[in-house]
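Observations on chain architecture
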Amino acid sequence: MIANKTNFDATVIGAGPAGSTTAALLAEKGHEVMVVEKEKFPRYHIGESLIPFCYFPLKRLGLVDKLRQSENPKKYSVQFVRQNGVVSQPFYFFQHMNHPSSTTWQVRRSEFDQLLLDKAREKGASVLEETKAQALLKDGDRVVGIRVISKKSGHIELRAPLVVDASGRDCFSAVKENWMERDPKLRKISIWTYFRGAKRDPGLDEGATTVAYLPNKGWFWYIPLSGDIVSVGIVAEREYLYDGSTKQPAEIFAREVKNNTWIEDHLASGEQYGEYHVIGEFSYRNRYCAMDGLALAGDALAFLDPVFSSGVFLALKSGVLLADAASEALKQGDLSAEKFASYGKSMQTAIEVMRKIVYAFYDENFSFKKLIEKNMDLRSDLTDCLVGNLEGKDFTDLIEAISELVDLPEPIEYGLAKV
């Protein structure tokens, strides 16, 4: 931190993809920014698969060349595998769009997030690690800063006309303000771990993300990482995973491996290491994206089931959009909630389209094959959703076609400006 400085143009809670992106771009525009992060980087995090349209915020940050030069496996496609091991025709991104973004990466989040935070520092943002936000500072209903406790500096009050909450799934502000809404039909549980030496597919499919089906619309992810490591996880209903036979994550994981031939085959040569991680209540949204002096970004705004690897993309996207909106608001000297209404609407629109496709994925009556066979002209729209090409697109026809096969949720409003 700048010596004894406690006043900034913006303070950012959290140094993950949303927070570091927002901070980097605000600092680039000449604003004084402080990032507070509760952990010491590099730190572990899940969410390792990038989708193609991550390219554009990463390009704006000046990080694409570093990723190209890295050892991260290149990801050209997503493939789906039935329980009996039959693999679908992969969705090759380059068949959809001839653009450098069609090659993306599988990343170790400890390294990837460090890269983003280093970029924020490089562009001029100050950073306090091992510093936990404790309270929003308010003047009436307006947020004017945050109170933090730092391992290095103790209790500090950081003042700023704008606080950006990018606290991830902690949802620091939303919890305090009681803004959070869980998605009632997407309350999944995940159990995941890592393997060394597990099998990789040849050629272009070596770095593919694989979604391998389990009974009752559960699924495995299989994500090859650098250093001969594979990230493998299960997502399913709590009632299915915790069926009464055991509550031990390692035993549940071993049981489910036998329920998919492809997964069993690919893990046979591997050696599991490290702990088994468990997390639940995946999907939620917050009623508001902003109040006077406060704006939410990334997972602190909303989180969607990870089946289409949308988490990092939505975090990066929100960081870019929020930085642009915040910079303009700072220049005008008006940090009212209304200044972030357009930002919130853009994020809501993107998340809502993807949310409907996630709902369809979990419906017993739905399959991508069935959808495309009935509506060949919609393959491009579907692929746009899977790669993150959502801006300015009209997906009405796609959503209507999906609704003919499954019951979709009614549109809901969230991410509003609190006025």
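Residues numbered from 1 in each chain as written. Predicted model: local features only at pLDDT ≥ 70, side-chain atom pairs only at ≥ 80, totals over all residues. Heavy atoms only, no water.

**So, the pattern of salt bridges**
Applied cut-off: The term salt bridge refers to a side-chain nitrogen of Lys or Arg lying within 4 Å of a carboxyl oxygen of Asp or Glu. Helical segments are the DSSP runs of H or I of at least four residues, strand segments are the runs of E of at least two, and each set is numbered from the N terminus. Burial here depends on accessible area, computed with a 1.4 Å probe over protein chains only, as a share of the maximum for the residue type. Under 20% is buried, over 50% is exposed, and the range in between is partly exposed.
Taken as a whole and assessed by the stated rule, the structure comprises 29 salt bridges. Where Glu352 meets Lys356, a salt bridge forms, and the shortest distance between an N and an O atom there is 3.1 Å. Here the residue Glu352 and the residue Lys356 both occupy positions in helix H11 (residues 341-361), the gap between them amounting to 4 residues, near one helical turn. Taken individually, Glu352 and Lys356 each receive the classification buried, so the pair is uniform in this respect. Close ionic contact of Lys393 with Asp384 constitutes a salt bridge, the shortest N to O distance being 3.4 Å. Residue Lys393 is classed as partly exposed on the basis of its relative accessible area of 40%. Note on Asp384: relative accessible area 3%, which makes it buried. If you follow the salt bridges from partner to partner, you end up with Asp183, Arg285, Glu352, Arg355 and Lys356 in one network.

**What about the packing of aromatic side chains?**
Aromatic ring pairs are described here by two measures, namely the spacing of the ring centres and the angle between the planes. Selection criterion: For this analysis, a ring pair means two rings from Phe, Tyr or Trp (six-membered ring only for Trp) whose centres lie within 6.5 Å, classed as stacked if their planes differ by under 30 degrees, edge-to-face if by over 60, and tilted for the remaining angles. Two conditions define a charge sitting above a ring: the NZ of Lys or the CZ of Arg must be within 6 Å of the ring centre, and it must be within 35 degrees of the ring normal.
What the rule picks out here adds up to 23 aromatic pairs. Plain terms: the ring middles of Phe91 and Phe368 are 6.3 Å apart, the flat faces sit at 75° to each other, and that makes the pair edge-to-face. Residue Phe91 is found in strand S5 (residues 91-92), and its partner Phe368 is found in helix H12 (residues 368-374); the two are separated by 277 residues along the sequence. Note on Phe91: relative accessible area 11%, which makes it buried. The exposure class assigned to Phe368 is buried, which follows from its relative accessible area of 9%. The structure contains a cluster of three or more aromatic residues connected by ring pairs, namely Phe80, Phe91, Trp192, Tyr213, Trp219, Trp221, Phe308, Phe361, Tyr362, Phe366 and Phe368. Over the face of the ring belonging to Tyr362 we find Lys188, whose NZ or CZ atom lies 4.0 Å from the ring centre.

**A look at the sheet that holds strand S10 (residues 154-159)**
Basically, it comes down to this: Pairs of strands are assigned from DSSP output, requiring at least two bridges between the strands. Note on geometry: axes are C-alpha line fits, over the in-contact stretch for helices, and angles between N-to-C directions span 0 to 180 degrees.
Spatial strand order, S8-S9-S10: 3 strands in an open sheet with antiparallel pairing. What marks the edges here is a single partner per strand, and that holds for strand S8 (131-139) and S10. Sheet twist, expressed as the average angle between the axes of neighbouring strands with direction ignored, equals 25°. Taken together, the 6 bridges between strand S9 (residues 142-150) and S10 define a ladder with antiparallel strand orientation. Of the residues in S10, the one forming a bridge with Val148 is Ile156.

**Some remarks on the nonpolar core**
Operational definition: Only buried residues count toward a nonpolar core, which is a set of Ala, Val, Leu, Ile, Met, Phe, Trp, Tyr and Cys residues joined through side-chain atoms within 4.5 Å. Any two residues having at least one pair of non-hydrogen atoms within 4.5 Å are treated as being in contact.
Grouped together as the largest cluster of nonpolar side chains are 126 residues, with contacts concentrated most on Leu58 and Phe340. When residues in this core are grouped by element, the largest group, 12 residues, is from helix H10 (residues 311-332). Each residue touching Phe340, except ones within four places of it in the same chain, is listed here: Leu162, Cys289, Ala290, Ala295, Leu322, Ala325, Ala326, Ala329 and Leu335. If you look at the next biggest cluster of nonpolar residues, it comprises 21 residues, including Phe195, Val230, Ile234 and Phe253.

**Notes on the side chain of Lys217**
This is how the line gets drawn: A residue counts as positive if it is Lys or Arg and as negative if it is Asp or Glu; His and the chain ends are not included. N or O atoms within 3.5 Å of each other form a polar contact, as long as, within protein, one can give a hydrogen and the other can take it, and as long as residues adjacent in sequence are counted only when both atoms are side-chain atoms.
Residue position: Lys217 is located in the loop between strand S14 (209-213) and strand S15 (219-225). The buried charged residue Lys217 lacks any salt bridge partner; its closest oppositely charged side chain belongs to Glu364, at an N-O distance of 5.8 Å. A polar side-chain atom of Lys217 sits 3.4 Å from the main-chain carbonyl oxygen of Asp363. Discounting residues that sit within four places of it in the chain, Lys217 has contacts with Phe361, Tyr362, Asp363, Glu364 and Phe366.

**Some words on the sheet that holds strand S20 (residues 294-296)**
Across the sheet, 7 strands lie side by side as S7-S2-S1-S11-S20-S19-S22; this open sheet has mixed pairing. Because the sheet does not close on itself, it has two edges, and the strands there are strand S7 (126-128) and strand S22 (416-417). Examined bridge by bridge, strand S1 (residues 10-13) and strand S11 (residues 162-165) share 4 bridges and lie parallel to one another. Residue pairing in the sheet places Ile13 in a bridge with Asp165 of S11.

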